[in-house]
Amino acid sequence: MRRLNTSYIQRHCGVSACVFEEVTSTNAILKEYAKQGAPALSMVVAAAQSAGRGRGEHTFFSPKGSGIYLSVLLHPEGGFAPADITAAAAVAACDAVQSVCGLRPDIKWMNDLYVRGKKVAGILCEAVTLPERTAVIVGIGINLLPPEGGFPAEIAARAGAVLENSRVRFLREKVAIAFFRALEARVKNQGSVYAAYRQGLFVLGMEVTYEGKTATVSDLLPDFRLELTFADGEKRFLHSGEISLPLGKSAQ
């Protein structure tokens, strides 16, 4: 598999794009850059991660050659809600994949993208406290093609790739550039995010599992809280957390 084309990415995203073949974690690298004074919209892109992370203690499988892994530094104005940034990133990722690959992923609340019923991307947003502001790092890993040798057995049933094969030249670079541009646009026009996010959210009306109990996803509020309705009529409004799809159910 060829190396990432650094000049191609920098030409379209600016000199604040740092491109690597492998890092521990693009979020971790960009966090250090942010503390050293990196400007807003700085980006770290990698062909592989040795310690890719998801939410909580989850890891993110990040092999070389099949995906793209990147982080973008944002300086939100006037405060921000983490859910707003995560939702903007999810919609931006859908925009990017659609523009380059010709299909639009589905969204699983709050930060996963699915294609053909399998997870193809995960988003991790982290706040960074700087001397004069709080910045946000938006990290995303996208499985664009199946990895050589397939996914590890422990995730093979639920992990997938956007495309089964591709002849698109500079596929990984084009998706990274498209995400960068779409994220900048969606953050600037936050009012466009809710409708697009809701339209892409495949779990609305679906039975899911939350904290060991089955519930129906009954609504998504404008602040991106998820409304769950349990069998006894109880309603819960989730700001964060993880919902699980019952065995055999997925995005259609």
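Data block above holds the structure.
Residues numbered from 1 in each chain as written. Predicted model: local features only at pLDDT ≥ 70, side-chain atom pairs only at ≥ 80, totals over all residues. Heavy atoms only, no water.

A.B. asks: Provide a residue-level description of the overall build of the chain, including the pertinent values.
C.D. replies: Looking only at helices and strands, one finds five helices and eleven strands in the chain. Relative to a compact globule of 252 residues, whose C-alpha radius of gyration would be 18 Å, the chain shows 18 Å and is just as compact. Seen along its three principal axes, the alpha-carbon backbone of the chain occupies a region of about 55 × 45 × 30 Å. Among the 252 residues that make up the chain, the fraction classed as buried is 51%. Total accessible area on the chain stands at roughly 12000 Å², and carbon and sulfur atoms take up 50% of it. Averaged over its 28 positive side-chain charges, the chain has a centre that lies 6 Å from the centre of its 24 negative ones. (Helix = DSSP H or I, 4+ residues; strand = E, 2+ residues; numbered from the N terminus. Rg over C-alpha atoms; globule rule 2.2 N^0.38 Å. Buried < 20%, exposed > 50% of the residue type's maximum accessible area, 1.4 Å probe, protein only. Areas by Shrake-Rupley, 256 points an atom, 1.4 Å probe, with all protein chains shown as cover. Lys, Arg positive; Asp, Glu negative; His and termini not counted. Charge placed at Lys NZ, Arg CZ, Asp CG, Glu CD.)

A.B. asks: Tell me what's going on with the side chain of Asn111, and back it up with residues and numbers.
C.D. replies: Structurally, the position occupied by Asn111 is in the loop between strand S4 (106–108) and strand S5 (112–115). Side-chain polar atoms of Asn111 contact the backbone oxygen of Ile123, separated by 2.8 Å. (Polar contact = N/O pair within 3.5 Å; in protein donor to acceptor, adjacent residues only side chain to side chain.)

A.B. asks: Requested: an account of the sheet that holds strand S8 (residues 207–210), with residues and values cited.
C.D. replies: Two modes of strand pairing occur in sheets, parallel and antiparallel, and in both the strands are linked by backbone hydrogen bonds. Read across the open sheet, the four strands follow the order S8-S9-S10-S11; overall the sheet is antiparallel. Looking along the sheet, the strands with just one partner apiece sit at the ends: S8 and strand S11 (235–238). Put simply, the sheet's adjacent strands are angled 45 degrees from each other on average, direction ignored. Summarising the sheet, S8 and strand S9 (residues 213–220) pair through four bridges and their orientation is antiparallel. The residue of S9 that forms the bridge with Tyr210 is Lys213. (Pairing = 2+ DSSP bridges. Axes fitted to C-alpha atoms, helices over the stretch in contact; angles between N-to-C directions.)

A.B. asks: Report on the packing of aromatic side chains, specifying residues and quantitative values.
C.D. replies: Summed over all chains, the structure comprises six aromatic pairs. One aromatic cluster is present, formed by Tyr194, Tyr197 and Phe224 through successive ring pairs. A cation sits over an aromatic face here: Lys213 above Phe230, 4.7 Å from the ring centre. (Phe/Tyr/Trp six-rings, centres within 6.5 Å; stacked < 30°, edge-to-face > 60°. Lys NZ or Arg CZ within 6 Å of the ring centre and 35° of its normal.)

A.B. asks: Outline unusual backbone geometry, supporting the account with residue identities and numerical values.
C.D. replies: Cis peptide bonds are those with omega within 30 degrees of zero, and the linkage from Trp109 to Met110 qualifies with 5 degrees. By secondary structure assignment, the location of Met110 is in the loop between S4 and S5. Notably, Arg116 is not glycine yet its phi reads approximately 50 degrees, a positive angle. With respect to the element layout, Arg116 can be found in the loop between S5 and strand S6 (118–129). The class for Arg116 is partly exposed, based on a relative accessible area of 49%. One non-glycine residue, Phe224, lies in the positive phi region at around 70 degrees. In this structure, Phe224 sits in the loop between S9 and strand S10 (226–230).

In short, the description is geometric, and any link to function would need to be established separately.
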